[in-house]
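A look at the structure
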Amino acid sequence: LILVLPTVSLWGVPRALAQDNEIKIGVVTARSGVLSYYGDMSINGFILGLMYALDIDSFEVVTPNMEWRLTWGDKVIHIIAADTVPAGGQVPDPATASSAAEDLILSKGVEILLGSSYSPVAIALTSIAERYGVVLLVTPAADHEITKTYLNRYVFQISSNTWHDALTGAKWAVENMGKTFAFLAPANTWGRSTVATWKAVIEEEGGIVV
C-alpha cells in the first residue's frame, strides 16, 4: 500500500512517477502553427537558462523538437514538449493543451509544467496545475488575468504581462506619438487584456481611446 499510494493523485487517477535521480519538466506550447516561433524561443531560452544557472556544459537532443536531456551532477533533467495546436490546425487550442498536459503528468511523470505561447491555453493550464498539484511556470503568455482571476498556489507567471507593457509603452506613446488611439486586437483573452491595460494608462496620461 505504501508503494502504491504515491502513484495515485488526489483524484484517484494513476500517475507515473519520475525516478529518484530524474527531474521531468513538461513544456506545453506551440510546436507547430502560427505561434511556433514563441514555442521555439521558450524552449531554447529555458534550456539555456538551466545550463547557465546550474553550470551545465551541454545537453542531449532525445527527440528533435520534442525532448531534451541535461545531466546535472547525479540528476538527469528531462524536458518533454507537447504541442498545443490540434492536428492540421494553426492556432493553439485550450482543450488540446489540457489533454497534452494531463498526458505529460499521468503518462510521463512530469512534475513541473512550462507554458504557454497563447494566453487562453495558459489559463486552461492553471486548472490542470491545481488539479494535479503540479507547478506551472507561465511564459510567454501575457494576459494579466492569469495571475489575477485564475491564480492558484501552483501558478507563477515568469514573463511580463500586459500591465508591464502598458505602463511603459502606453505612457511613452501618449507623450511622444499623439493623444488619440484606436486598437486592433485578437478576440481572445490576451487581446482584451492588452486593450484594457493600455486604455487605462492612455486615459490616465491624458490620451483618448476611440
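In what follows, the accompanying structure is described. (Residues numbered from 1 in each chain as written. Predicted model: local features only at pLDDT ≥ 70, side-chain atom pairs only at ≥ 80, totals over all residues. Heavy atoms only, no water.)

1. Re the environment of glycine 207
On the secondary structure map, glycine 207 appears in the loop between helix H5 (189–204) and strand S9 (208–209). Its relative accessible area of 9% is what places glycine 207 among the buried residues. Sequence separation between glycine 207 and leucine 70 is 137 residues; the distance between their C-alpha atoms is 50 Å. If sequence neighbours within four positions are ignored, glycine 207 has contacts with Val174, Lys179 and Ile202. (Helix = DSSP H or I, 4+ residues; strand = E, 2+ residues; numbered from the N terminus. Buried < 20%, exposed > 50% of the residue type's maximum accessible area, 1.4 Å probe, protein only. Contact = heavy atoms within 4.5 Å.)

2. Examining unusual backbone geometry
The linkage connecting glycine 115 with the following residue, serine 116, adopts the cis geometry, with an omega of 10°. With respect to the helices and strands, serine 116 occurs in the loop between strand S5 (112–114) and helix H3 (119–132). The amide bond that connects threonine 139 to the next residue, proline 140, takes the cis arrangement and shows omega of 0°. When you line up the elements, proline 140 lands in the loop between strand S6 (135–138) and strand S7 (155–157). A positive phi angle, near 60°, is found at aspartate 55, a position not held by glycine. Tracing the backbone through its elements, the reader meets aspartate 55 in the loop between helix H1 (36–54) and strand S2 (60–63). Exposure remark for aspartate 55: the relative accessible area of 66% places this residue in the exposed category.

3. Some thoughts on the sheet that holds strand S4 (residues 75–83)
Pairing within the open sheet is mixed, and its seven strands lie in the order S2-S3-S4-S1-S5-S6-S7. Edge positions in the sheet fall to S2 and S7, since each of these pairs with one other strand and no more. Strand-to-strand, the axes of this sheet are offset by a mean angle of 25°, without reference to chain direction. One ladder, built from eight bridges, connects strand S1 (residues 22–29) with S4; its direction is parallel. Across the sheet, residue glutamate 22 finds its bridge partner in S4, namely valine 76. (Pairing = 2+ DSSP bridges. Axes fitted to C-alpha atoms, helices over the stretch in contact; angles between N-to-C directions.)

4. Points about helix H4 (residues 162–176)
Spanning 15 residues, H4 covers 20 Å between terminal C-alpha atoms, matching the ideal 21 Å at 1.5 Å per step. Here H4 has its buried residues at Thr162, Ala166, Ala170, Ala173 and Val174. On the buried face of H4, the contacting elements are strand S8 (180–181) and H5. Where H4 begins, one side-chain oxygen reaches toward the backbone nitrogen of tryptophan 163, 2.9 Å away; that side chain belongs to asparagine 161. Remark: glycine 178 follows H4 within two positions and exhibits a positive phi of approximately 155°. (Expected span 1.5 Å × (residues − 1). Polar contact = N/O pair within 3.5 Å; in protein donor to acceptor, adjacent residues only side chain to side chain.)

5. Thoughts on the environment of isoleucine 123
Along the chain, isoleucine 123 falls in helix H3. Overall, isoleucine 123 belongs to the buried group, its relative accessible area being 12%. In this structure the C-alpha to C-alpha distance between isoleucine 123 and aspartate 143, which are 20 residues apart in sequence, comes to 8.8 Å.

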